[in-house]
Amino acid sequence: MQTKTILLCGVGGQGTILAADLLAFSCLEAGLDVKVSEIHGMAQRGGAVTTVVRVGSAVQSMVTGPGEADIVMAFETTEALRNLPDLKEGGSLIVNDVAIRPLPVLTGAARMPERARERLIEAGALLVPAEAIARSVGNAKCANVVLVGALSARMDVAAEVWEQVIARRVPPKTVEANLAAFRAGRAFILESEEI
């Protein structure tokens, strides 16, 4: 398999790191070579969190540059816009359809980007109502795994492999909720592709 670069971006507290973990371990379980690079920033305070996961038969380097991500999966719209230059032409842009107001915006030191949703749609983004989907299957805290489900529909790894990894990597009492979230996110992407 040719090396594929997936960039996950969000803010602290959204579960970006767990999502990257589920992606990496699912690909490893499927027999792929995986390399992961994380940038946490001030994640615990709602700061930017970016993780690059490269997967393939033999991943030679962790190094990647602007315009080289096959998939950008953003956990909110502002981070999606900020990382848009990393997406390669023809790549997939999966975005949680929510905007989080960072501290500089809340204090009045900065403003939210204008027309964020419209700009993302123009860029070909698939907007996923991850929180609403997670609530509909029983746990709003599983929005990150809804996005993992959406991502899985764009990867060459069987759904069963993802589900086995989720069952092993999330806290035992949340396994069923996370599996339901994963399945719902995957179904959302597959159904939207049929339209």
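All residue numbers refer to positions counted from 1 along the written sequence of the respective chain. Per-residue local features of the predicted model are confined to residues with pLDDT of at least 70, and side-chain atom pairs are confined, for both listing and counting, to 80 or more; whole-chain, interface and lining totals are unaffected and use all residues. Hydrogens are left out, water is left out, and the side-chain values use all remaining heavy atoms of the structure.

Peer 1: Account for the packing of helix 1 (residues 16-29) against helix 6 (residues 143-152), naming residues and giving values.
Peer 2: Think of each axis as a best-fit line through the C-alpha atoms, taken over the contacting stretch in the case of a helix, with angles from 0 to 180 degrees between the N-to-C directions. Helix and strand labels come from DSSP, where a helix needs a run of H or I of at least four residues and a strand needs a run of E of at least two; each type is numbered from the N terminus. Relative orientation of the contacting elements helix 1 and helix 6 amounts to 35°, with a least axis distance of 9 Å. In this structure, helix 1 meets helix 6 at a crossing whose hand is right-handed. For the pair formed by helix 1 and helix 6, the contact residues are Leu18, Ala19, Leu22 and Leu23 on the first element and Asn144, Val145, Val148 and Leu151 on the second. Counted by class, the contact of helix 1 with helix 6 contains seven nonpolar, one polar and no charged residues. When the near helix sits turned anticlockwise from the far one by under a right angle, the crossing is termed left-handed; a clockwise turn instead gives a right-handed crossing. Whether two residues are in contact is decided by their heavy atoms: any pair within 4.5 Å suffices. Residues were grouped as follows: Ala, Val, Leu, Ile, Met, Phe, Trp, Tyr, Cys and Pro as nonpolar; Asp, Glu, Lys and Arg as charged; and all remaining residues, including Gly, as polar.

Peer 1: Break down the packing of aromatic side chains for me, with residues and values.
Peer 2: Aromatic rings from Phe, Tyr and Trp, taking only the six-membered ring of Trp, are treated as a pair when their centres fall within 6.5 Å; an angle between ring planes under 30 degrees marks them as stacked, one over 60 as edge-to-face, and anything in between as tilted. In total, this model carries one aromatic pair according to the counting rule given. Aromatic pair tryptophan 162 and phenylalanine 182: ring centres 6.2 Å apart, planes at 25°, arrangement stacked. Placement of the pair is tryptophan 162 in helix 7 (residues 159-169) and phenylalanine 182 in helix 8 (residues 175-194), with a sequence separation of 20 residues. Exposure class is identical for tryptophan 162 and phenylalanine 182. Each is buried. One cation-aromatic arrangement involves arginine 169 over phenylalanine 25; the distance from NZ or CZ to the ring centre is 3.8 Å. Type-normalised accessible area, obtained with a 1.4 Å probe on protein chains alone, sets the label of each residue: buried when under 20%, exposed when over 50%, and partly exposed for intermediate values. Lysine NZ or arginine CZ positioned within 6 Å of the ring centre and within 35 degrees of the ring normal marks a charge as sitting over the ring.

Peer 1: Give a description of unusual backbone geometry that names residues and reports values.
Peer 2: Notably, arginine 115 is not glycine yet its phi reads approximately 50°, a positive angle. Tracing the sequence through the fold places arginine 115 in the loop between helix 3 (103-106) and helix 4 (116-122). Look at arginine 115 and you get partly exposed, because its relative accessible area is 46%.

Peer 1: Quick one: what's the story with the pattern of salt bridges, residue by residue and with numbers?
Peer 2: Pairing between side chains of opposite charge can happen when their charged atoms approach one another. Here a salt bridge means any side-chain nitrogen of Lys or Arg lying within 4 Å of a carboxyl oxygen belonging to Asp or Glu. Enumeration according to the criterion identifies eight salt bridges in this entry. The closest approach of N and O atoms between aspartate 97 and arginine 117, which form a salt bridge, is 2.8 Å. In this pair, aspartate 97 sits in the loop between strand 5 (87-96) and helix 3 while arginine 117 sits in helix 4, placing the two residues 20 residues apart along the sequence. As a salt-bridge pair, glutamate 122 and arginine 115 come within 2.6 Å of each other at their nearest N and O atoms.

Peer 1: Outline the state of the cysteines, supporting the account with residue identities and numerical values.
Peer 2: Sulfur atoms of two cysteines make up a disulfide when they are within 2.5 Å. Throughout the structure, instances matching the rule amount to zero disulfides. Its sulfur unpaired, cysteine 9 is 18 Å from the next cysteine sulfur, which belongs to cysteine 27. What makes cysteine 27 buried here is its relative accessible area of 0%.

Peer 1: Give me the packing of helix 1 against helix 7: which residues, what numbers.
Peer 2: Direction vectors running N to C along helix 1 and helix 7 enclose 125°, while the axes themselves pass 9 Å from each other. Considering the angle they form, helix 1 stands oblique to helix 7. Viewed along their axes, helix 1 and helix 7 form a crossing whose handedness is right-handed. Of the residues in helix 7, those touching helix 1 at Leu18, Asp21, Leu22, Leu23, Phe25, Ser26 and Glu29 are Val161, Trp162, Gln164, Val165, Ile166, Arg168 and Arg169. By the definition adopted for this analysis, an angle is roughly parallel if under 35 degrees, roughly antiparallel if over 145, roughly perpendicular if from 65 to 115, and oblique otherwise.

Peer 1: Which residues make up the pairing of strand 3 (residues 48-56), and what are the values?
Peer 2: Strand 3 sits mainly inside the fold: eight of its nine residues count as buried. Pairs of strands are assigned from DSSP output, requiring at least two bridges between the strands. With eight bridges connecting them, strand 1 (residues 4-11) and strand 3 associate as antiparallel partners. When the bridges of strand 3 are listed, cysteine 9 appears paired with threonine 50. Pairing between strand 2 (residues 33-39) and strand 3: seven bridges, direction antiparallel. Looking at the pairing, isoleucine 39 lines up with threonine 50 of strand 3.

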